[in-house]
Structure formats: structure tokens, C-alpha cells
Amino acid sequence: MKRHLFAANWKMHLGPKAAQEYLATFLRRYRNRPERDVWFFPPAVSVEAASQTVSGHAGIAVGVQDIHWEPKGALTGAVSAALAAEAGAKAALVGHSERRHVFGETDADTGRKVRAALDHRLTPVLCVGEKWEERERGETERVVERQLAAGLANLPAGRESGQLGRLVVAYEPVWAIGTGKTATPRDAALVHRAIRAWLAARGAVTACILYGGSVNAANIADLLAEPEIEGVLVGGASLDVESWLTICAAG
Ligand code: PGA
């Protein structure tokens, strides 16, 4: 049976106590399926509490929403991959649309972050996706491929394909994030196929490709029905534990 990854991006919500309460409810009610992984991306201050709460539960892990590429230093407000790993993170989002478009993160930054994540045994979840104008101009694939190339630009030569096996890519069209507009499952699947082909041409046949952007309990089944969609990255609809339990039980 095909493996699926359900990733919850809590953005700037749920401090340590609220995260623990949420996860305690989730763990009590979630019916574990061996072919399904569930990852939570709380705000950095909640990573340690969250990872302690899920510790020992197979298939459930915690990650960080962002990392800095430097291992340490005078970088006020930043969290390195090493610090995140020490707090219990197993994965890191890289290049989320809000990091790119609100905080000005560049393609080059994403390349440094993917490398730092891999160097500290965090699975990078590289987020890519086009803006609405880019889609209208027919540039979706070009934009996504540019973001993939930049995100994977700093992998050590020769070890590329081995490292890419630990990569997760999340295709999140910018216009679909938090807007209630989703790409149709078919449109998303076409972009996933292009991403898969791009990765396969570089020897990465095992990387996992997620869809994100206004995923909810009502549209999850149709998205998962597309074989190209190997999981989802969910913001708003993951904040309510009931809605997230429904999403994680779909398909
Ligand atoms: P959304 O966010 O589900 O609220 O659209 C997805 C994301 O930003 O990862």
C-alpha cells in the first residue's frame, strides 16, 4: 500500500501548553495506520513540548517551520537546524510561501536551508509554488523548477541522489494558501508529475510530494484519489483537532 504523509503547519498558533493539549487529544483519538505518517509543525517555542508529547508514537513526528543555515551565531531571532534537532524536531519546512513572500526569503536562502537541514538529520520539506499571475502566464512549471533547482543547489556532489531520497517537496500554489481556493486535484497532479519528472532526472525516485493550499475535510478525499498526490501540507484546517482528525482519516 502507498505511503501518505499528512503534515500540519500551525503557523503562528498554539503555544507549548495549547500544543500539548491538542496533541494529547489527537493521540487519544487518532487511529494509527501503518501506511500513514502524521507530522506537526508548531511554532519554534512549542517544538520541544510537542515532540515530547508525541515521543514513542510510531509514524508521528514534529518539525520546525523554518531554520537558519548557520549552525550558531549572533543571529537574533533565528533558530539553527542543530537547535531545532536538539528540541526534538525531525523535519524542517523550507521556503514556505509566507517565508518567501512576507519575510523576503530568496531562492538562494532555501538552498542553504535544505543543506543545513540535511546536515543535521532533519528531513527538509521544500515548499514550491507559483503566484496567480505566473499561472495565468503559463509559467507554473518554470517557476516550480526554478525553485527546485535553487532549493537543491547546495547538496554535496556525488551524494546527491542519496540525499534526495530524504527530501519532501510540498507543491503549494501561492494563490491557494489560506484563500479557500484549491487547485483542482487534476491540476495539482499535473504539477506533481512535472516535479516527479524533474526529481527523477536527478536520481531522486523516492522523494515524497505533497499538495498544500486550502486543503480541508471536504476536499481531502478527492486530492488523495490522485495517485500523484502523496500527502498534504495543511494550515488553517489543521488548527482544529477535530478537522485534522477527519483529514488524517480520509482516503
Ligand atoms: P492553508 O495553508 O491550508 O491554510 O491554505 C497551507 C500552508 O500554508 O502550508
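What comes next is a walk through the structure. (Residues numbered from 1 in each chain as written. Predicted model: local features only at pLDDT ≥ 70, side-chain atom pairs only at ≥ 80, totals over all residues. Heavy atoms only, no water.)

Structural notes on the pattern of salt bridges
Part 1 of the argument: Per the counting criterion, the structure on display carries 20 salt bridges.
Part 2 of the argument: Here E242 ties to R29 by a salt bridge, and the two come within 2.9 Å at their closest N and O atoms. Of this pair, E242 sits in helix 11 (residues 241–248) while R29 sits in helix 1 (residues 16–29); the two residues are 213 residues apart in sequence, bridging distant segments of the chain.
Part 3 of the argument: A relative accessible area of 38% places E242 in the partly exposed class.
Part 4 of the argument: Here E105 and R99 are joined by a salt bridge, their closest N and O atoms 3.7 Å apart.
Part 5 of the argument: Look at E105 and you get buried, because its relative accessible area is 8%.
Part 6 of the argument: On the basis of relative accessible area, R99 is assigned to the partly exposed category, the value being 24%.
Part 7 of the argument: One salt-bridge network, held together by shared partners, links D66, R99, E105 and K113. (Salt bridge = Lys/Arg side-chain N within 4 Å of Asp/Glu carboxyl O. Helix = DSSP H or I, 4+ residues; strand = E, 2+ residues; numbered from the N terminus. Buried < 20%, exposed > 50% of the residue type's maximum accessible area, 1.4 Å probe, protein only.)

Some remarks on the packing of aromatic side chains
Part 1 of the argument: The tally for this structure, following the rule as stated, stands at eight aromatic pairs.
Part 2 of the argument: For the pair W10 and F40, a centre-to-centre distance of 5.6 Å together with 55° between the ring planes defines the contact as tilted. You can see W10 sitting in the loop between strand 1 (4–9) and helix 1 and its partner F40 sitting in strand 2 (residues 36–41), a full 30 residues away along the chain. Pair check on accessibility: W10 and F40 agree, each one buried.
Part 3 of the argument: Residue class for F40 comes out buried when judged on its relative accessible area of 0%.
Part 4 of the argument: Members of the aromatic cluster, each reached through a chain of ring pairs, are W10, Y22, F26, Y30, F40 and W244.
Part 5 of the argument: Here the guanidinium or amino end of R99 rests over the ring plane of F103, the centre of that ring lying 4.0 Å away.
Part 6 of the argument: Here R112 stacks its cationic end above the ring of W69, 4.9 Å away from the centre of that ring. (Phe/Tyr/Trp six-rings, centres within 6.5 Å; stacked < 30°, edge-to-face > 60°. Lys NZ or Arg CZ within 6 Å of the ring centre and 35° of its normal.)

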